[in-house]
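# Descriptive structure summary
Listed here are the chains, written in short residue letters.
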Amino acid sequence: MPQSSSVFTHRKVVFLLASLCCLLWGSAYPAIKNGYALFHIAADDIPTKLVFAGYRFAFAGLVLLAFAAISRKPVFAIKLRTFGQMTLLGLTQTSLQYVFFYIGLAYATGVKSSIMNATGTFFSVLLAHFIYKNDRLSFNKVLGCVVGFGGVMVVNFRPGLLSFDFTLLGEGAIVLAAFILSAASIYGKKISQQVDSVVLTGYQLAIGGVALLLIGFATGGDLEAFTPVSAALMLYMVALTSVAFSLWTILLKYNRVSMITVFNFMVPVFGTLLSALFLDESFLEWKNGVALLLVCGGIWLVTKEEAPRL
């Protein structure tokens, strides 16, 4: 089917599907924290958190690979070197990143985490400047990074503005996870030139998820409190991961990257609202509102296409 005639190029379809992806990713923040409660995972029980994350990503990866196989994509026609690259991607983009993300989310609120995780957009812009000759920093990008990081600073001030509320295990881990994701995504872009995007995503999620499970079990983790409610939550997290990644990949295939990435600003918005709704966290503090506006404004600036010079 010609790219221009695909239903995935229609603006209404793009808006609806991209918004759905961001809604799903935003819902991950309260889902994870509720998962800690439903599975009785203590804040300092890192091994069980890794098992919790491992189940989510391993099954999500398998779902995507099954979908790719049904769609007759080359799931098994993978060269050994390429498989090694996908393994490295899975161990960094999924395993290492989510080790820090899940730890940070245990020590920081869902509202703060959703805002601070948006720093990944700015890290991507800065890293791309040094890696790709056709993706240099521009005035909009520099301004967007400054504005966005300003929002991250604001959200970490205590209400009185006289002290800074930032911990390495909480907010620090979230920011480090965002940086790892940005660096790994740039590496993944290189691999995606030779492997189908859905197949690549499926393998890296499955490999990363299995690694998390092995590390978690080896260090004493054990997810036991399975109930109908906790199992339903796990199924939802598997679904949101596989659906969001696959839809996002399809949108990127049929549209310009800049047109799709601009929707990233909606992730912290959904994450903040859903965390406040399902975790009973306060987001009405003025600093949260200001921080959210700054972060969203920063993401909009760095993804905004500049007018061509005549």
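Procedures and definitions
Residues numbered from 1 in each chain as written. Predicted model: local features only at pLDDT ≥ 70, side-chain atom pairs only at ≥ 80, totals over all residues. Heavy atoms only, no water. Phe/Tyr/Trp six-rings, centres within 6.5 Å; stacked < 30°, edge-to-face > 60°. Helix = DSSP H or I, 4+ residues; strand = E, 2+ residues; numbered from the N terminus. Buried < 20%, exposed > 50% of the residue type's maximum accessible area, 1.4 Å probe, protein only. Salt bridge = Lys/Arg side-chain N within 4 Å of Asp/Glu carboxyl O. UniProt positions renumbered as here; feature names shortened; annotations may be inferred. Core = buried A, V, L, I, M, F, W, Y, C linked by side-chain atoms within 4.5 Å. Contact = heavy atoms within 4.5 Å. Patch = residues over 30% accessible without salt bridge, like charges linked within 9 Å, V, L, I, M, F, W, Y side chains within 5 Å. Areas by Shrake-Rupley, 256 points an atom, 1.4 Å probe, with all protein chains shown as cover. Axes fitted to C-alpha atoms, helices over the stretch in contact; angles between N-to-C directions. Parallel < 35°, antiparallel > 145°, perpendicular 65-115°, else oblique. Left-handed = near helix turned anticlockwise from the far one by under 90°. Nonpolar A, V, L, I, M, F, W, Y, C, P; charged D, E, K, R; others polar.

### Quick look at the packing of aromatic side chains
- Scanning the entire structure with this criterion turns up 10 aromatic pairs.
- Taking the centre distance of 5.1 Å and the plane angle of 80° together, the rings of Phe39 and Phe226 count as edge-to-face. In this pair, Phe39 is assigned in the loop between α1 (11–38) and α2 (46–70) and Phe226 in the loop between α8 (197–218) and α9 (228–254), connecting sequence segments 187 residues apart.
- Take Phe226: its relative accessible area is 42%, and that puts it in the partly exposed class.
- With centroids separated by 6.4 Å and ring planes inclined at 80°, the aromatic side chains of Tyr55 and Phe226 adopt a geometry described as edge-to-face.

### Describing the pattern of salt bridges
- Inspection of every chain in the model, using the stated rule, returns 1 salt bridge.
- Between Asp196 and Lys73 there is a salt bridge whose closest N-O contact spans 3.4 Å. Of this pair, Asp196 sits in the loop between α7 (168–191) and α8 while Lys73 is found in the loop between α2 and α3 (80–107), placing the two residues 123 residues apart along the sequence.
- Its relative accessible area of 24% is what places Lys73 among the partly exposed residues.

### A short note on the UniProt feature "transmembrane region" (unreviewed entry) in the protein chain
- Within this structure's numbering, the places UniProt gives as "transmembrane region" (unreviewed entry) are residues 52–71, 83–108, 114–132, 139–157, 169–188, 200–219, 231–252 and 259–279.
- Here residues 83–108 runs as 96% helix and 0% strand, with 36 Å between its end C-alpha atoms.
- Segment residues 231–252 splits into 100% helix and 0% strand. End C-alpha atoms: 32 Å apart.

### Some words on the nonpolar core
- Counting 59 residues, the largest nonpolar core has Ile32, Phe52, Phe101, Tyr102 and Met237 as its most contacted members.
- Put simply, the parts of the chain that give this core at least two residues each are α1, α2, α3, α7, α8, α9 and α11 (266–278).
- The biggest single contributor to this core is α1, with 12 residues.
- If sequence neighbours within four positions are ignored, Phe101 has contacts with Tyr29, Ile32, Asn117, Ala173, Ile174 and Ala177.
- In this structure, Phe122, Ala291, Leu292 and Cys296 belong to the second largest nonpolar core, which totals 10 residues.

### A few points about unusual backbone geometry
- For His40, which is not glycine, the phi dihedral falls at a positive 55°.
- Along the chain, His40 falls in the loop between α1 and α2.
- The exposed category is assigned to His40, whose relative accessible area is 66%.
- At Arg72, a position not held by glycine, the phi torsion is positive, near 65°.
- Mapped onto the fold, Arg72 is located in the loop between α2 and α3.

### Quick notes on a nonpolar patch on the surface
- A contiguous nonpolar patch, built from Leu126, Leu137, Val142 and Val146 and spanning about 290 Å² of accessible area, is present on the exposed surface.
- Along the chain, the position of Leu126 falls in helix α5 (residues 119–131).
- Relative accessible area serves as the criterion here: at 30%, Leu126 is assigned to the partly exposed category.

### Section: the side chain of Gln93
- Mapped onto the elements, Gln93 comes out in helix α3.
- Setting aside residues no more than four positions away along its own chain, Gln93 makes contact with Tyr98, Leu181, Ala184, Ser185 and Gln204.

### Side note on the packing of α2 against α9
- Contact pair α2 / α9: the axes reach a minimum separation of 8 Å and the direction vectors enclose 50°. In terms of orientation, α2 and α9 fall into the oblique class. α2 and α9 meet at a crossing whose hand is right-handed. On α9, the residues that touch Phe52, Tyr55, Arg56, Phe57, Phe59, Ala60, Val63 and Leu64 of α2 are Met234, Met237, Val238, Leu240, Thr241, Ser242, Phe245 and Ser246.
- Its residues placed into classes, the contact of α2 with α9 shows 12 nonpolar, 3 polar and 1 charged.

### Some words on the packing of α3 against α7
- Viewed as axis vectors pointing N to C, α3 and α7 meet at an angle of 160°, and their least axial separation amounts to 7 Å. By the criterion of interaxial angle, the relationship of α3 to α7 is roughly antiparallel. Relative to α7, α3 is oriented so that their crossing is left-handed.
- In terms of residue class, the contact of α3 with α7 is made up of 19 nonpolar, 8 polar and no charged.

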